[in-house]
Amino acid sequence: MELCIIGAGYVGLTTGACLSEIGHHVAVTDCDAAKIADLERGRLPIYEEFLQPLVEGNQAAGRLRFTTEAPAAIAAAEAIFVCVGTPPDRDGKANLAAVERVTRQIAECAAGHKLIIGKSTVPARTAEHIRRTLDTFARNRASFEVVSNPEFLREGTGVYDFFHPDRIVVGCDTAAAAARMRELYRPVLEGLFQCPCHARPAADCGWHAPAWMETSTTSAELIKHAANSFLSLKISYANAIADICELAGADALAVLRGIGLDRRIGEAFLRPGLGFGGFCFPKDLSAFLEIAAELGYDFRLLREVQAINAERVALFVRKLRESLWVLEDKTLGVLGLAFKPGTDDTRLSPAMAVAHELLKHKLRLQVYDPKAMERARAELPPEVVYCGHPEAVAEGAEAVLILTEWPEFRALDWTAMKARMLRPLVLDGRNLFRAGELEALGFEYAALGQGVVAHTTSAAAPVTS
Ligand SMILES: NC(=O)c1ccc[n+]([C@@H]2O[C@H](COP(=O)([O-])OP(=O)(O)OC[C@H]3O[C@@H](n4cnc5c(N)ncnc54)[C@H](O)[C@@H]3O)[C@@H](O)[C@H]2O)c1
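This one's a predicted model, so the numbers in the text were calculated from it and none came from an experiment. Within any chain, residue numbers begin from 1 and follow the written order of that chain's sequence. This being a predicted model, a pLDDT of at least 70 is required before a residue's local features are given, and a value of 80 or more before pairs of side-chain atoms are given or counted; all residues contribute to the totals for chains, interfaces and linings. To obtain the side-chain values, all non-hydrogen atoms of the structure were used and water was disregarded.

Colleague: Is there a simple way to think about the overall build of the chain in this case?
Modeller: The secondary structure listing takes helices from DSSP runs of H or I that are at least 4 residues long and strands from runs of E that are at least 2 residues long, numbered from the N terminus. When helices and strands are counted, the chain shows 17 helices and 16 strands. For the chain, whose C-alpha radius of gyration is 23 Å, the value lies close to the compact-globule estimate of 23 Å for 465 residues. If one aligns the C-alpha atoms of the chain with their principal axes, the spans along those axes are about 70 × 50 × 45 Å. For this analysis, residues touch if any pair of their heavy atoms sits within 4.5 Å. Considering only residue pairs separated by 6 or more positions, the chain has 74% of its internal contacts joining residues 24 or more positions apart. Element-wise, carbon and sulfur atoms account for 53% of the exposed surface of the chain, whose accessible area totals about 19,900 Å². Only four residue types enter the charge count: Lys and Arg as positive, Asp and Glu as negative, with His and the chain ends excluded. Note that the charge is assigned to NZ on lysines, CZ on arginines, CG on aspartates and CD on glutamates. Distance between charge centres in the chain, computed from 50 positive and 59 negative side chains, equals 2 Å. C-alpha atoms define the radius of gyration in this analysis, and the globule rule sets the expected value at 2.2 Å times the number of residues to the power 0.38. Here the accessible surface of atoms and residues is derived via Shrake-Rupley with a 1.4 Å probe, and residues count as covered only by protein chains that are part of the display.

Dropping the structure here:
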């Protein structure tokens, strides 16, 4: 099929490259001309594993192209994916200005029959607004089918997730639109692809046929918000259990594993730490609270999820202060700035929130992240020291803080790290290590959920989103 993707971010670029890999002809467009120029030259604006070769290969094969000529790309496409950002407004509602702008542009440029596929995360009933806007502004006697096809990819494993989804949700009104969507995803539904992550046929790379779910557009929109909120809830639940474990002198990791081994619950997202961040969970949670409120439902449960998450960074800094007593004038090493491993995304990253909080104390921060240094540099104040390799953060440090659970941090030569440090203290915000592992090397070690928590009933002001 001839496809157009509008919005070349984490979702649009990954989806576009993957759709071209399964044989479609894809034009990716974005209002950011510099981003498109970089992409045309082979420079990706984001880091996502396996994405660079996928883009290069499909560009070379003539199936994937980048263009600023959105009207022509829209006119030529049979289906148009809307993948623009829906950032939070001040009140927590999703800002739909980009979605509306793109919808009007499609209405004005399209001719013939088009499938408009919403991938951006949007409030319930957005598809209805899109449909109305298309009908109001349509020229050239164009006709449209609006589909809500929520995106569930995880940053860091986006390419893998495209080829190995648990489910594909399609919200639409007609059997014809559903059939076109099924055709579009047929290679993924039937395992007819060579997995770019494993360079093996689908059947040999753990592929299972995903569930195919057809529903209304409003239900599809709600599925996305309800799913993200539930995962956020699991994380806050794990963090609350971790705090109780610390107060009781129990091992939070053991307790949470004991919970997660129940298949009805599952182990995923039951890891205590600095809480959730990134461009999805915090904003989608706020947006869902607003959606529920507008519909007349006070989603108190989710407000508590949000409140628990907001306390994590303050709790971590309080733990650090308990160990170091005074923070001023100290040198601290930071391992990890991205909101999670596998990505360079620092948007609403708890690691960045810790860095911002610490920098209020006039101390020296030596930081390292395998992928997110460039993005962090644009956001953090100039006095931060960016290290060329992870061991360098330990130089003269009175503590090393693990803020993102990049697996390579486990594999560092921690004995050599210790030799560089002024005081061998590690505060692990992500439970990358188990209690005892670093202590065996002579470190003082503390983590959220392991060791005694500095809990006060009047929680410190939230400092993270
Ligand atoms: N990032 C994720 O992991 C993820 C996962 C699932 C769903 N989502 C949702 O998908 C949407 C996109 O997220 P993202 O992380 O890719 O965002 P992003 O900020 O990385 O990318 C959005 C892109 O849209 C472009 N854009 C904005 N307005 C435009 C316009 N009028 N015309 C053309 N391009 C325009 C921006 O320049 C940017 O390149 C959001 O609604 C998000 O909630 C994100």
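Colleague: Mind showing me how you'd approach the sheet that holds strand β13 (residues 385-386) here?
Modeller: Across a sheet, paired strands are connected by hydrogen bonds in the backbone, their directions being either parallel or antiparallel. Pairing between strands requires that DSSP locate at least two bridges from one strand to the other. Read across the open sheet, the six strands follow the order β13-β12-β11-β14-β15-β16; overall the sheet is parallel. In this open sheet, the two strands that pair with only one neighbour each are β13 and β16 (444-447). Pairing of strand β11 (residues 331-335) with strand β14 (residues 399-402) involves four bridges; the strand directions are parallel. Across the sheet, residue Leu-335 finds its bridge partner in β14, namely Ile-402.

Colleague: What am I meant to see in the site of the ligand here?
Modeller: Any residue with a non-hydrogen atom lying within 4 Å of a molecule or strand is treated as near it. Every one of the 25 residues lining the ligand counts as a neighbour, but Asp-30, Lys-35, Thr-86, Glu-155 and Lys-283 are closest to it. N or O atoms within 3.5 Å of each other form a polar contact, as long as, within protein, one can give a hydrogen and the other can take it, and as long as residues adjacent in sequence are counted only when both atoms are side-chain atoms. Residue Asp-30 places a side-chain N or O atom 2.6 Å away from an oxygen atom belonging to the ligand. Within the contact set of the ligand, an oxygen atom lies 2.9 Å away from a backbone nitrogen or oxygen of Thr-121. In isolation the ligand has 830 Å² of accessible area, and contact with the protein removes 89% of it. For the shell around the ligand, the secondary-structure elements that each account for two or more residues are α1 (10-21) and α5 (97-109). Residue classes in the shell around the ligand are distributed as twelve nonpolar, six polar and seven charged. Looking at which domains feed residues into the shell around the ligand, each of domain 1 (2-215) and domain 2 (223-309) supplies at least three. For this classification, Asp, Glu, Lys and Arg are treated as charged, while Ala, Val, Leu, Ile, Met, Phe, Trp, Tyr, Cys and Pro are nonpolar and the rest, including Gly, are polar. What fixes the domain bounds is an automatic or database domain assignment.

Worth remembering: the numbers are spatial, not functional.
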